[in-house]
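# Survey of secondary and tertiary structure
Here is what each chain is made of, one letter per residue.
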Amino acid sequence: MQVIRAIQELRESIRTLRAAKAGATIGFVPTMGYLHQGHASLLEAARAQCDLVVLSIFVNPLQFGPNEDFDKYPRDEERDLAVAKDAGADIVFFPQVQEMYPKPTKTKVTVEGVTERLCGASRPGHFDGVATVVTKLFNIVQPDLAYFGMKDAQQVAVIEQMVHDLNMPVTIVPRPTLREADGLALSSRNVYLNEEERKQALVLSQSLRMAEELLGGSSASSVTPSQVVNAVRSHIETAPLAVIDYAELLAYPSLEPVESLKQVDRVILALAVKFGKTRLIDNTIIRIS
Ligand code: PAF
């Protein structure tokens, strides 16, 4: 496994590997590090489908707001390298902030529509930061396939829209959210939770299951979007430490509000909830039959 920090060195390495094997496919897993089993599952999927697997680890300052956790976002390079090696990465790319953003950057990528609600509303500028860095990473790595976890389903919708609109020659491969045995979605930010917050955070996955039952059971045809959201909010509020940022039921992947469940075939129930200082997101996508 090669560890590369400079953009030019990465380009040369990929060029050499491509030249050695005509038609070799490149699978790319962009991350912000502090890798967990969810990231490993993205690497494993890339390993199974591609000839060359590139992982990037870059805590991207552009996608953090002024009062967010950029400085204290967890980092552990040594452990990340071990996880990457086990999961089959060929190249780990650690771009440096100075090289990615050498001077005040004058170009940014903005995706409209799908960024208006959920994290787009509560974290202004966040998705411009994500779309800009993913565009830069795609230009540097030039992957055939790129793998993203569905825990951030809005991010997947934003990147799919961007790739479509800008004719980027890459196929986006969304992969399912991985969970602990008790239901908590794997996240690098789980490390911030104390024991009590960790316990109460289970209301998130429980609420998702509740919505799935309401929308999938015999009452599905009579239930309204606001009834589902109210039931979910009430359940989250049983956790005294939970502070809801959003709990919304929207059409997926357009992320438009849903007037009537008769007009949509897929919805997302998306949650962002703070426990102490830690903001967790989770979601489920439900097919309306
Ligand atoms: O999902 C993430 O870890 C980040 O948003 C990404 C896609 C690596 C861009 O910085």
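Scroll up to find the structure this text is about.
Reference entry: report on the structure contained in this document. Per-chain numbering applies: the sequence of each chain, read as written, is numbered from 1 onward. Since the coordinates come from a predicted model, pLDDT governs what is reported: local features require at least 70, and pairs of side-chain atoms require 80 or more to be given and counted, while whole-chain, interface and lining totals use all residues. Excluding hydrogens and water, the side-chain values take into account all heavy atoms of the structure.

## Observations regarding the overall build of the protein chain
Short version of the rule: Helix and strand labels come from DSSP, where a helix needs a run of H or I of at least four residues and a strand needs a run of E of at least two; each type is numbered from the N terminus. Throughout this description, buried means an accessible area under 20% of the type-specific maximum (1.4 Å probe, protein chains only), exposed means over 50%, and partly exposed covers the range between. Contact definition: two residues touch when any of their heavy atoms are within 4.5 Å. Using the Shrake-Rupley algorithm and a 1.4 Å probe, accessible areas are obtained, with residue cover drawn only from the displayed protein chains. Only four residue types enter the tally: Lys and Arg on the positive side, Asp and Glu on the negative side; His and the chain ends are excluded. A single reference atom marks each charge: NZ on Lys, CZ on Arg, CG on Asp, CD on Glu.
The helix and strand tally for the protein chain stands at 10 helices and 9 strands. By principal-axis analysis of the C-alpha atoms, the protein chain measures approximately 60 × 40 × 40 Å. Residue burial in the protein chain is summarised as follows: out of 289 residues, 52% are buried. Long-range pairs, those at least 24 residues apart, make up 72% of the contacts in the protein chain with a sequence separation of at least 6. With an accessible surface of roughly 13,900 Å², the protein chain has 51% of that area assigned to carbon and sulfur atoms. Side-chain charges in the protein chain split into 30 positive and 35 negative, and the spacing between the mean points of these groups amounts to 2 Å.

## Remarks on the site of the ligand
Selection criterion: A cutoff of 4 Å decides nearness: a residue is near a molecule or strand if any of its heavy atoms lies inside that distance of it. Here a polar contact is recorded for every N or O atom pair within 3.5 Å, except that within protein the pair must consist of a potential hydrogen donor and a potential acceptor, and residues adjacent in sequence are included only if both atoms are side-chain atoms. Whether a set of points on the 1 Å grid over the protein atoms alone is a cavity depends on a 1.4 Å probe fitting there but being unable to get out, while an open set qualifies as a pocket with protein on both sides within 12 Å along at least five of seven lines; lining residues are those with an atom within 4 Å of a point. What decides whether a molecule sits in a cavity or pocket is whether more than half of its atoms lie within 2 Å of the grid points. Classification used: nonpolar for Ala, Val, Leu, Ile, Met, Phe, Trp, Tyr, Cys and Pro, charged for Asp, Glu, Lys and Arg, polar for all others including Gly.
Within the structure, the ligand sits among P30, T31, M32, N60, Q63, V133, F148 and Q155. At 2.6 Å from an oxygen atom of the ligand is found a side-chain nitrogen or oxygen belonging to Q63. Within the contact set of the ligand, an oxygen atom lies 2.7 Å away from a side-chain nitrogen or oxygen of Q155. Protein contact buries 85% of the 290 Å² of open area that the ligand shows by itself. Comparing atom positions with the cavity grids shows the ligand to sit within the largest pocket. Grouping the constituent residues of the shell around the ligand by class yields 4 nonpolar, 4 polar and no charged.

## Description of the pattern of salt bridges
Selection rule: When a carboxyl oxygen of Asp or Glu lies within 4 Å of a side-chain nitrogen of Lys or Arg, that pair is called a salt bridge.
A complete count under the given rule lists 13 salt bridges for this structure. A salt bridge links D144 to R18; the shortest N-O distance between them is 3.7 Å. Of this pair, D144 sits in the loop between α6 (126-141) and β5 (145-149) while R18 sits in helix α1 (residues 7-20), and the two are 126 residues apart along the sequence. What makes D144 partly exposed here is its relative accessible area of 27%. With a closest N to O distance of 3.8 Å, K199 and E196 form a salt bridge. You can see K199 and its partner E196 sitting in helix α8 (residues 195-200), 3 residues apart, about one turn around the helix.

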